[in-house]
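Listed here are the chains, written in short residue letters.
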Amino acid sequence: MPEGDTVLQTAARLHKALAGQVLTRSDLRVPRFATADLSGRTVLDVTARGKHLLTRVEGGLTLHSHLRMDGAWRVYAPDERWRGGPGHQIRAVLANAEHTAVGYRLPVLELLRTSEEDRAVGHLGPDLLGPDWDPGLALDRLLAAPERPLGEALLDQRNLAGIGNVYKCELCFLARVTPWLPVGALPDGALPRLVTLAERLLHANRDRPTRTTTITSELRTPPSPGPEAEPGAGAGAERPRAPAAARPARPPVRVQERLYVYGRARRPCLRCGAPIRLADQDDRPTYWCPGCQSGPTP
């Protein structure tokens, strides 16, 4: 799922493939800009702003795109087969002599003047991965609506830009509160720590191919096996189990999961073993642990 870290990686790939090169092909497959042709123009840079992508070309134009839930940009060599999805999902093609960038399932694609980029991204709060990152401003914006559920506040890009649904769930877990807890109900000092942690997590994942929020040194003990049948006993017979004190302790095993709660509904929590729960929050699947996280739930 695209979030601030993966959008930054996409911008870096597009910048490497397109920046400084003259476009030999331009195909924007959205009705409003279907006749626009950027061929012959040099791409100046590609940059990320929160979860938005800005591709700037000479002549004072910017191609603005947003990936939302499942959009993607793929970069191919001239003779390479395009593998990002069926042709009807392609929304943009930008090519030069060495690379072709193809945008799939882009819910937002618009061409605007570079001087008017604020129309697309001016509403965003401080960017967790950008040069404008300001934790104090992010904190002020979150606290401006203390009655708002924390999960919704974290997803509001006007507060801080770059957090998506995965990080929302993971950050709430690490803060040990449910996403439905009002911002103003967090314990003293918890919100500043959460803002700092959000910036740290996104920076830690900005260059990783797979997003990771778990601490690799954490260990947990696997559940004990169920009763075993005595060899040669009749069907359904169970072997008496030794008293707990007489059974050898099971050694802890290293957890290989990359996320604490997201995508792990009904599986045991990596910290307490309780089954992870799933419900919608503002029409987004939201995961939490009932054992580790306190606060209201649906």
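Let us look at the structure shown here.

Definitions and cut-offs
- Residues numbered from 1 in each chain as written.
- Predicted model: local features only at pLDDT ≥ 70, side-chain atom pairs only at ≥ 80, totals over all residues.
- Heavy atoms only, no water.
- Pairing = 2+ DSSP bridges.
- Helix = DSSP H or I, 4+ residues; strand = E, 2+ residues; numbered from the N terminus.
- Axes fitted to C-alpha atoms, helices over the stretch in contact; angles between N-to-C directions.

Things to note about the sheet that holds strand β1 (residues 25-28)
Strand order in the open sheet formed by 4 strands is β1-β6-β7-β5, and the pairing between neighbours is antiparallel. Either end of the sheet is taken by a strand with one partner, and the two such strands are β1 and β5 (72-76). Geometrically, the sheet is characterised by an average inter-axis angle of 15° between neighbouring strands, direction not taken into account. Note that β1 and strand β6 (residues 90-95) share 4 bridges and pair antiparallel. In the sheet register, S26 faces β6, and the bridge partner there is L94.

Structural notes on the sheet that holds strand β2 (residues 43-49)
Spatial ordering of the open sheet is given by β2-β3-β4-β8, a layout of 4 strands whose pairing is antiparallel. Because the sheet does not close on itself, it has two edges, and the strands there are β2 and β8 (108-113). Direction aside, the axes of adjacent strands within the sheet are offset by 20° on average. Alignment of strand β3 (residues 52-57) against strand β4 (residues 61-66), held across 6 bridges, turns out to be antiparallel. Note that in β4 the partner of V57 across the bridge is L61.

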